[in-house]
Protein chains: 4
Amino acid sequence: MVYKYEPKDMQFKHLGRTGLKVSVFSYGGWLTVGGTVKGDPVKDLIKTALDHGVNFFDNAEIYANGQSEIEMGRVFKELEVDRDQLVVSTKVFFGTGKTDPNQKGLSRKHIIEGVRASLKRLQLDYVDIVFAHRPDVATPMEEIVRGFNFLLDHGLTYYWGTSEWTAQQIQEAIGIADRLGLVGPVVEQPQYSIFHREKFEVEYKPLWDHYGYGSTIWSPLAGGELSGKYLNGIPENSRYKTNPDFYQDKIKELESPEGKKRQDRIRKLGDISKRLGGGDGPAALALAWAATSPHVSSVILGATKPEQLEENFQALKLLDKITPEIRKEIDELFENAPQQLPTYGRA
Amino acid sequence: MVYKYEPKDMQFKHLGRTGLKVSVFSYGGWLTVGGTVKGDPVKDLIKTALDHGVNFFDNAEIYANGQSEIEMGRVFKELEVDRDQLVVSTKVFFGTGKTDPNQKGLSRKHIIEGVRASLKRLQLDYVDIVFAHRPDVATPMEEIVRGFNFLLDHGLTYYWGTSEWTAQQIQEAIGIADRLGLVGPVVEQPQYSIFHREKFEVEYKPLWDHYGYGSTIWSPLAGGELSGKYLNGIPENSRYKTNPDFYQDKIKELESPEGKKRQDRIRKLGDISKRLGGGDGPAALALAWAATSPHVSSVILGATKPEQLEENFQALKLLDKITPEIRKEIDELFENAPQQLPTYGRA
Amino acid sequence: MVYKYEPKDMQFKHLGRTGLKVSVFSYGGWLTVGGTVKGDPVKDLIKTALDHGVNFFDNAEIYANGQSEIEMGRVFKELEVDRDQLVVSTKVFFGTGKTDPNQKGLSRKHIIEGVRASLKRLQLDYVDIVFAHRPDVATPMEEIVRGFNFLLDHGLTYYWGTSEWTAQQIQEAIGIADRLGLVGPVVEQPQYSIFHREKFEVEYKPLWDHYGYGSTIWSPLAGGELSGKYLNGIPENSRYKTNPDFYQDKIKELESPEGKKRQDRIRKLGDISKRLGGGDGPAALALAWAATSPHVSSVILGATKPEQLEENFQALKLLDKITPEIRKEIDELFENAPQQLPTYGRA
Amino acid sequence: MVYKYEPKDMQFKHLGRTGLKVSVFSYGGWLTVGGTVKGDPVKDLIKTALDHGVNFFDNAEIYANGQSEIEMGRVFKELEVDRDQLVVSTKVFFGTGKTDPNQKGLSRKHIIEGVRASLKRLQLDYVDIVFAHRPDVATPMEEIVRGFNFLLDHGLTYYWGTSEWTAQQIQEAIGIADRLGLVGPVVEQPQYSIFHREKFEVEYKPLWDHYGYGSTIWSPLAGGELSGKYLNGIPENSRYKTNPDFYQDKIKELESPEGKKRQDRIRKLGDISKRLGGGDGPAALALAWAATSPHVSSVILGATKPEQLEENFQALKLLDKITPEIRKEIDELFENAPQQLPTYGRA
């Protein structure tokens, strides 16, 4: 089949300050594709995402040790999606589970070899974005910056970014790229949700302000907790129930007074979501809250079933309803809006 | 057939300050090729142009949504013109009519993917010039400059230029290219004719003066008006006659006292043209006037029939007759020579 | 006396993106100081300005052929204002009326010699800002950029700017400074008022957007017209009355139907001003409108009498009342909000 | 008198990677000089410091609103210390308490004017180091870097540094300086003590590792607590006793179980100190611990009496005794050695 992509009700944002546009919700292969989900179900998931206007698909060499890329690449091929309409990313750093000392990290060798191997698995000539999946303190930053510029110069990617770097590390890469007339990183892939705000909102602030750095965020539902999964205690058939010893700390935390207060807040978030038209549960609001942050370019969804994705796309209805007042209401509900660094009267 | 190209009486100019030479008259696919004109008539037009020594053929991804490139490419193939003798351009920005947010603009992605798609349609490995068909205010200029340099580095084009940019935007691109040791744009494709002089002669002046910026101009006959088309009123079978409601403003303008004065001037332009040996009608002089401007590299013709082209080539006879006195006569006839910016006694 | 400066109710803005702060209203010597106003009256004017928190004083070598600087410098000395609290500017280009070919323009020679002479007249070691009073098309831009950087390097000024340059010229200077690792201009001194919006709002837009270019605007009352001066016809004792032949065009314009409509609009502007608490006449609103534009750093006032300045400072009361709705009301009243350049769907 | 400086038993370290050597203990005017301590006692303190080989004296424009510089400058003059033997610093940012908007921050204007004013108060032609006392988020980093380089170029200081900046901010300044071929900051003045390790040891780590950034640390005794001041409860005549309402939080904290545990640890630190030969109390060890950190260039002491300084200099005896084993013992005693950022198997 030749898949006919139509953006429909999806919204798009620039990836940071670049000319590339990404759908505010995207689909990522982490923890699911190529691992627990294989074959036709992957196609169903990707078709569901495309049907809702998702154009950005996120991957990494390490996801399911390369199987995630293999599955996604196969599906793009089978669907015959127009390559130009897709924004595909991968990430290099962790390798694909091999023990060889050179098949990981951000050496010039692994940046190039790693991405070449990813492209082969994806059956693509290039990706749109390559992320450095982690900082590599054992490789000089200049080597890293030059490695990614090699990818750009050779047409293996159009943009490059970082994932879980510190602001200092990103700043170092930008400074070196500027000095050498090379292209710096333009986007970070950090964790961000109502429960993880500090690093994103405070440490990264100068990068948003000075460089218009973009972000494609992961875990917008805080590992599922913000979908309301534990509102009625630990569900049967859940990982926690079937493996209580392994998860005993997590279980204890959930059952503590603090854990209960947390669930109570999530329940109230669900009330606001319903009030705004987000359907049952807090997920739609939690996702729309993240997607409408001025510093978020795209929110990566990681569903294992099309129904789950459909549910997540309820958030599209709320995008235009996240007013400053709603953001304030959520700040007050969770009491965790991070404090900005002092400006000593110079703000 | 193997077409044997012989420049004959054509004159050639450098494309701005580059080493490339373009025929002072060129042929463009805008509004015609791939749209109203398809198949053999395209071949006839291109053969007529080649026969007169035209070596520069202008195109764009958006012209007839890609069909213009397909037609021209096919004809070059059929005529077996020596590729090295041709100067072929295309333009990237508007895409080919798709709704996807990334299939237009001047992002790194669309510059590269758009030109790759154009080359495929043209059945060429490279073009000689790629124009940014419009400025893209949503993409950083550095990304744009780097995108076009990618094309150069990969042999997909030899030169790059701008179309309908402001002087400030062109200057910004030049400054960034200079700073980064990259190649800046070298040519603008603006509208220019006796009726549209201001932007070309005043706003672009520093670009002609400081950088020897080239220009390949469009609409040298001001949408046909300078061919004398309305000298005897609106002709039967013309767009205006068959669709009077749609064109009512234009019709009213033509029939106003100002419109009549305008036609009167065009008639007098025809008299001068005849006096100089340009045959009937003002077209030859209007074209020669444009072609001999020191800042025009090539005048793009857009005929739909070979006869029309033949008529236009009458202008070749006048090229050596456009003396400063003739230019002054035309200035006085139309009373629209633009005033240069003040130089406060420093010119 | 040692003047004790206290900012009081004045508001301050950064000069563009720089760290320097200027009062939103400033006092300039153009047309008045050193010419029609000399001696103690200058002191009264400057004291009145300082009393209202003005910290920025604008000058130029050409103002009253150097006498403006002499008067201002003398007053600063007499008042013993703390130099660090003042922001003093001058402008170089027109010289001081001498006929020598090197005592004007923006040659390296005149930039340095002109500013040295200004400093002598001002009795200062340095100014805070030097403006290139006009572009100099007869001097290479690189020489100009280097000339102003000489001033910076030698501590003769802290910042440099442009006045009445085109966006292309400013962009050229910025690009050259960037390439050479030098400091580019950071501020333009253009005409700007409700009656002169086009160049400021359209041509300069990319400079505001890309570089946070600052502006210190002149003629915010459009030569006094926006103070309501002609609301009741041409006043007795005015320049127009005493010299009707010289000003006949201006007088005719005022008495035309269009001129009357214009006065009518100014009258209505006065009504809005009164409604907002700006006192009688439209001046306070016209000034507050300019001062609150996000791209205006400071509005230069040019009063000849302390009372006039006092009246102008009524605008301070309106600064916080210029809502988007008020701006819209003014747009609709004057019907002259300029149209931005097309963005071809990429805004 | 002409003071004859002899380094004696003092140890010296390079200021980061620079060629400048600073005594590992230095004397700073913060909170004391020019405020509670004036006149002859300042001379006694400085003489005591000099007698022990201290060559580095730290100041700031804001310390006692400029009085600290005045006092120190006077004493250097009176003692006729050889200027070349002294390393004098000051800091610019907070001004000297004036309300003017330009007499603070890190604008080019205030960097230059502020330091010029400091030099005047210090009666010096130059200082050795100027610190940016805080980051200025309202001034572009390039302006800041250029401002400090102006000081270097004009011989007003030999080095420049930062104080309480984030690693990202320092990295940004270094990147800009490198790109422009200018001199970047070389030293940070942060808080550091056994009780404040996190930012110094973790956030700044890449700066120590990549750039050999230096540090002149303040509050090495954590506001006096590490001198053992509260080991026997709150002392009579202390600030806490005489003003219990104001300090009630601090008092409550000291009397809490956690506070008591903290004092207990400090007592044990004193035991180790005595064992090593550091005399009574933990101060000598706390100071030696800081001074021997590989990333500390100098430990700033802030005594108000010569006796206090003498006591602090006991630490000199311990410098060679801070073995890795001792550091480990202290880590285990306070259980607060910060965790480094993960290196994902790449360390």
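Everything that follows concerns the structure shown earlier in this document.
Quick summary incoming for the structure in this document. (Residues numbered from 1 in each chain as written. Chains lettered and ligands numbered in written order. Predicted model: local features only at pLDDT ≥ 70, side-chain atom pairs only at ≥ 80, totals over all residues.)

## With respect to the relation of the copies chain C and chain D
Relating one copy of the chain to the other requires a rotation about an axis plus a shift along that axis.
Next, step 1: For the pair chain C and chain D, the best superposition has an RMSD of 0.2 Å and corresponds to a rotation of 94° with a translation of 0.7 Å parallel to the axis. Expressed as an axis order, the relation between the two copies is that of a four-fold axis.
Next, step 2: The residues that chain C uses at the interface reappear at the interface of chain D in only 5% of cases, marking distinct surfaces. (Least-squares fit on C-alpha atoms with pLDDT ≥ 70 in both. Contact = placed C-beta atoms within 7 Å.)

## A closer look at the arrangement of the chains
Next, step 1: What separates chain A from chain C at the closest point of their C-alpha atoms is a distance of 9 Å, and the two make no contact.
Next, step 2: Separated throughout, chain B and chain D approach each other most closely at a C-alpha pair spaced 12 Å apart.

## Side note on helix α1 (residues 40–51) of chain A
Next, step 1: Between its first and last C-alpha atoms α1 of chain A spans 16 Å; for twelve residues at 1.5 Å apiece the expected length is 16 Å, and the two agree.
Next, step 2: Its buried side turned inward, α1 of chain A meets β3 (25–28), α2 (67–79) and α12 (306–312) of chain A. (Helix = DSSP H or I, 4+ residues; strand = E, 2+ residues; numbered from the N terminus. Expected span 1.5 Å × (residues − 1).)

## Some words on the packing of helix α5 (residues 167–180) of chain A against helix α5 (residues 167–180) of chain D
Next, step 1: Direction vectors running N to C along α5 of chain A and α5 of chain D enclose 10°, while the axes themselves pass 8 Å from each other. Between α5 of chain A and α5 of chain D, the angle falls in the class roughly parallel. Listed contacts from α5 of chain D to Ala167, Gln168, Gln171, Glu172, Ile174, Gly175, Ile176, Asp178 and Arg179 of chain A of α5 of chain A are Ala167, Gln168, Gln171, Glu172, Ile174, Gly175, Ile176, Asp178 and Arg179 of chain D.
Next, step 2: Per-class residue counts for the contact of α5 of chain A with α5 of chain D are six nonpolar, six polar and six charged. (Axes fitted to C-alpha atoms, helices over the stretch in contact; angles between N-to-C directions. Parallel < 35°, antiparallel > 145°, perpendicular 65-115°, else oblique. Nonpolar A, V, L, I, M, F, W, Y, C, P; charged D, E, K, R; others polar.)

## Regarding the sheet that holds strand β3 (residues 25–28) of chain C
Residue and element names in this part refer to chain C.
Next, step 1: Spatial ordering of the closed barrel is given by β3-β4-β5-β6-β7-β8-β9-β10, a layout of eight strands whose pairing is parallel.
Next, step 2: Both strand β8 (residues 187–188) and strand β9 (residues 214–217) contribute to a ladder of two bridges, which runs parallel. Looking at β9, one finds that Glu188 is bridged to Ser215.
Next, step 3: In the packing of helix α3 (residues 108–122) onto the sheet, the strands contacted are β5 (87–92), β6 (127–132) and β7 (157–162), and the crossing angle to β5 comes to about 135°. (Pairing = 2+ DSSP bridges.)

## Observations regarding the interface of chain A and chain D
Next, step 1: Taken together, the contact pairs 21 residues of chain A with 21 residues of chain D.
Next, step 2: With nine residues, α5 of chain A is the single largest residue contributor to the side of chain A that touches chain D.
Next, step 3: Looking at the side of chain A that touches chain D residue by residue, the classes come out as nine nonpolar, six polar and six charged.

## Side note on the pairing of strand β5 (residues 87–92) of chain D
Regular strands place side chains that alternate from one sheet face to the opposite one.
All names here are of chain D.
Next, step 1: Taking burial as the measure, the six residues of β5 include six buried ones, the bulk of the element.
Next, step 2: Burial along β5 is two-sided: the residues Val87, Ser89 and Lys91 and Val88, Thr90 and Val92 are all buried.
Next, step 3: With helix α2 (residues 67–79) bridging strand β4 (residues 56–58) and the parallel β5, this β-α-β connection has right-handed handedness.
Next, step 4: Across four bridges, β5 lies against strand β6 (residues 127–132) in parallel orientation. Across the sheet, residue Ser89 finds its bridge partner in β6, namely Ile129.
Next, step 5: Of the crossover connections in this fold, the one passing from β5 over helix α3 (residues 108–122) to the parallel β6 is right-handed. (Buried ≥ 20, exposed ≤ 12 C-beta atoms within 10 Å, placed from the backbone. Right-handed = clockwise from strand over helix to strand, strands pointing away.)

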